[in-house]
Amino acid sequence: MTDRDIALLLADAADEVEIGIAPYQAVIRGGRRRRARRWALATAAALVIVGGSGTLALAGLRDGNGVEVSPAVTQRATEPSTPEDRHVYVPQETLLATGTEQGQAWYVTVDVWGAPRTLAEAEGQLRSMSSRHEEPWDKDRASALVGKITYFVRRAVGSGEPGLLMGDSASEQDTMAGTDLKSGATSLDPKKTDGPARLVVGQVAKTAQEVTCTWKDGTSTVARRVAAGADASSGEASIRPAAGSPDNWFACVAPAGTAYESAEVTTN
């Protein structure tokens, strides 16, 4: 059993305990708790999980004859039918943030893979993910991906190769609500994994208007919601939708000389 496996078991057993996965940090803050698997990808310096444990309640729908229809069936009928249309084999990519650091451009993107409906689709998705050097937690069990959206967050500086920050898989109905927040903090440059955790990226509910990132020097940065397609090149903190994701995403960067302390939804 690896250090990561032990940490995951402990995280499931003790909701409020802060658990470190050497050499990473793991910080859990307030808000409604979401029972979820934490990923410690090779380049991640910190991973934060904050959320609710409740399930999504869907009201019963009725057809023209007054017969109740399953919401899942109704939704499925309106979704694209082919795996290609559902982005099972090629993810949708969204630019979350970009800026300049010491004369070098940096950027953060998120890949969102559509949910496979069958084992065959899931096996094909795993092969496509592997070709992009993206591996889900259940990389040896394709069936675990059926019915789940998977995402991977990458960041890069200058001409360097993008490095993975965080990733997860979740059912299409498992969405953030209220002040739920799930985020990762790491060094801005993938090649400097031992550097200060200045970059914070995470998921929040569609209703979240404002996320406050607090830094170790006591200062803070506020990310505010912007519309889809809004300019991400200014380097300013923002909350924005990502193609294929049921949640919104935020990114903020600490000033030089300090690092991540906490992040929370401050207006929703």
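The notes below deal with the structure included here. (Residues numbered from 1 in each chain as written. Predicted model: local features only at pLDDT ≥ 70, side-chain atom pairs only at ≥ 80, totals over all residues. Heavy atoms only, no water.)

**Describing the pairing of strand β9 (residues 181-186)**
Counted residue by residue, β9 has 6 buried out of 6 residues, so it is predominantly covered. Residues Leu181, Ser183 and Ala185 line one face of β9 and the alternating positions Lys182, Gly184 and Thr186 line the opposite face, and both faces are buried. Relative to strand β10 (residues 199-204), β9 runs antiparallel, the two being bridged by 6 bridges. From the neighbouring strand, Leu181 faces β10, where its bridge partner is Val204. (Buried < 20%, exposed > 50% of the residue type's maximum accessible area, 1.4 Å probe, protein only. Helix = DSSP H or I, 4+ residues; strand = E, 2+ residues; numbered from the N terminus. Pairing = 2+ DSSP bridges.)

**Focus on the sheet that holds strand β5 (residues 92-101)**
To summarise the sheet geometry, strands pair through backbone hydrogen bonds and adopt either a parallel or an antiparallel arrangement. Here we have 4 strands laid out as an open sheet, ordered β5-β6-β7-β8, and antiparallel in their pairing. The open sheet has two edge strands with one neighbour each: β5 and β8 (163-171). Between one strand axis and the next, the sheet turns by 15° as a mean value, whatever way the strands run. Note: strand β7 (residues 148-157) against β8, 8 bridges, orientation antiparallel. Of the residues in β8, the one forming a bridge with Val153 is Met166. (Axes fitted to C-alpha atoms, helices over the stretch in contact; angles between N-to-C directions.)

**Digging into the pattern of salt bridges**
Throughout the structure, instances matching the rule amount to 9 salt bridges. Between Asp111 and Arg132 there is a salt bridge whose closest N-O contact spans 2.8 Å. Here Asp111, found in strand β6 (residues 104-113), pairs with Arg132, found in the loop between α3 (119-131) and β7; they are 21 residues apart in sequence, far enough to count as distant. For Glu134, the salt bridge goes to Arg154, with nearest N and O atoms at 2.9 Å. Taken together, the residues Glu134 in the loop between α3 and β7 and Arg154 in strand β7 connect sequence positions 20 residues apart. Arg154 matches Glu134 in its accessibility class, with the two residues each being buried. Each of Asp111, Arg132, Glu134 and Arg154 takes part in a single network of salt bridges with overlapping partners. (Salt bridge = Lys/Arg side-chain N within 4 Å of Asp/Glu carboxyl O.)

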